[in-house]
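Listed below, chain by chain, are the residues.
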Amino acid sequence: MSIQLISVSHKTADLSIRSCFALTRERQIEYMKALKTSEVIEECAVLATCNRLEIYIYGRESHQREIFSVAETLLFQYLELPAAIDGAEYLRFYEGTRAVRHLFRVASGLDSMVMGEDQILGQVKDAQNLAVECGCMGTCLNTCFRYAVTAAKKVKTDTDLSRTSVSTATIAVKAAKEYLGDLKEKNILVIGASGKIGNTVYKNFAAERKTRIYATVRPHHHLENKDVYYEIPYDERYDSLDYMDVIISATASPHYTLTVDKVRKALKTEKPRVFIDLAVPPDIDRRVAGLPKAGYYNIDDFARIAGENNRKKLAEADAAKEILEAYQIQFEKWMIFQKYFSMVRNTKAQIGRMAEEKGMDRALNQFFFALRECMTPDQLEAFMKTLTKVGEIYEKD
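Residues numbered from 1 in each chain as written. Predicted model: local features only at pLDDT ≥ 70, side-chain atom pairs only at ≥ 80, totals over all residues. Heavy atoms only, no water.

Caption draft 1: Structural context of the environment of Val 190. Counting through the fold element by element, Val 190 comes out in strand 5 (residues 187-191). The class of Val 190 is buried, set by a relative accessible area of 0%. Measuring from C-alpha to C-alpha, the distance between Val 190 and Thr 251 comes to 9.8 Å, with 61 residues separating the pair along the chain. Once you skip the residues sitting within four places of it in the chain, Val 190 turns out to touch Gly 198, Val 201, Tyr 214, Ala 215, Thr 216 and Ile 248. (Helix = DSSP H or I, 4+ residues; strand = E, 2+ residues; numbered from the N terminus. Buried < 20%, exposed > 50% of the residue type's maximum accessible area, 1.4 Å probe, protein only. Contact = heavy atoms within 4.5 Å.)

Caption draft 2: Expanded view of the sheet that holds strand 1 (residues 2-9). Strand order in the open sheet formed by four strands is 2-3-1-4, with antiparallel pairing between adjacent strands. Pairing within the sheet leaves two strands with one partner each, and these edge strands are strand 2 (43-49) and strand 4 (92-95). If you compare each strand with its neighbour and ignore which way they point, the axes differ by 15° on average. Direction of pairing for strand 2 relative to strand 3 (residues 52-59): antiparallel, over a ladder of seven bridges. (Pairing = 2+ DSSP bridges. Axes fitted to C-alpha atoms, helices over the stretch in contact; angles between N-to-C directions.)

Caption draft 3: Highlighting unusual backbone geometry. With omega at 0°, the peptide bond leading from Val 280 into Pro 281 counts as cis. Structurally, the position occupied by Pro 281 is in the loop between strand 9 (273-277) and strand 10 (294-297). Unusually for a residue other than glycine, Glu 185 sits at a positive phi of about 65°. A positive phi is found at Lys 293, a non-glycine position, where the angle reads about 60°. What makes Lys 293 partly exposed here is its relative accessible area of 45%.

Caption draft 4: Spatial organisation of the sheet that holds strand 10. Spatially, the six strands line up as an open sheet ordered 7-6-5-8-9-10, and their pairing is parallel. Each of the sheet's edge strands pairs with one partner strand only, and the pair in question is strand 7 (229-231) and strand 10. Put simply, the sheet's adjacent strands are angled 20° from each other on average, direction ignored. Pairing between strand 9 and strand 10: four bridges, direction parallel. In the strand pairing of strand 10, Phe 275 is matched with Tyr 296. Together, strand 8 (246-249), strand 9 and strand 10 form the strand contacts of helix 7 (residues 168-180), whose direction differs from that of strand 9 by roughly 155°.

Written out as structure tokens, the structure is:
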């Protein structure tokens, strides 16, 4: 059996390309269920964030190439790629240990655009829960994700990689400060503030305690600390734009929340203002950057802003890798044991029957003799060293 992975991320594709690979929650479920109907795929999970789309798959090693082919072919059936884009060009394929290592790095924030960012661990857990809920994740992938999440939590508590809270949301605040210089008495509009990213953005700006925050939220939803923000109906978002200094959009909308023509008509006052788009696909028509005194940032622009954070955390990354490797080894041992579990059970039964007939001493002697005959000298040496360590553990107990 083998774990395999198909990935598109900020490391292989820019925002315009990643937008083409965006899948809604409903499409993710449909895709996973379609994968499960294949005879070569036993388990699957989809991790979809603003910076990556990754498909984790579990099936027989003998079907490895077929698994990749099936998963890729089905994926393109659920995407709407422009004719000019060859989607296969941006795919990266991982198998076995490399696939497992990648998941562990992703969950811990080591593979994020913003190294050590807070949101990815929750997104990995959400992907795990969704795959379980729709019946597409079984024992193997569930255990792999569980080990990855546990390892990521260990990294979070034992290193400084995530100790300083850094995320897309905190960098959005930094980007606004970079463009405007100071946020004191500035008016901030958060479109989609009741979503996960939008809500985190709202909290980060609320923590500044010197801005006026306006937010659009879903019907019948309210944000924490009602006294620190003003609610604006989504349909009235353009009416309030002229008053705003910072406009942030973070929705799951399949279309623009702000188009350049309507923004141009809405703006009456010429002053510095910045538009920050945290969505994939994009929420804000990037042509707003051409409006007088307007700034514009999207997810890819944050790579530059995140550079300083990443350089500071390189030393912590080494400590994080050691933690991840230890948990990865434990998972791989579990997986090997699962692979040969029926053989172990049969061997125990054979030794038990032989012990009943000839006694335990002769049964064990015959077992070790058979091992000696089947192994090369190097294999036998390694086995005996391992057996010595096992004996030391028994002595301690």
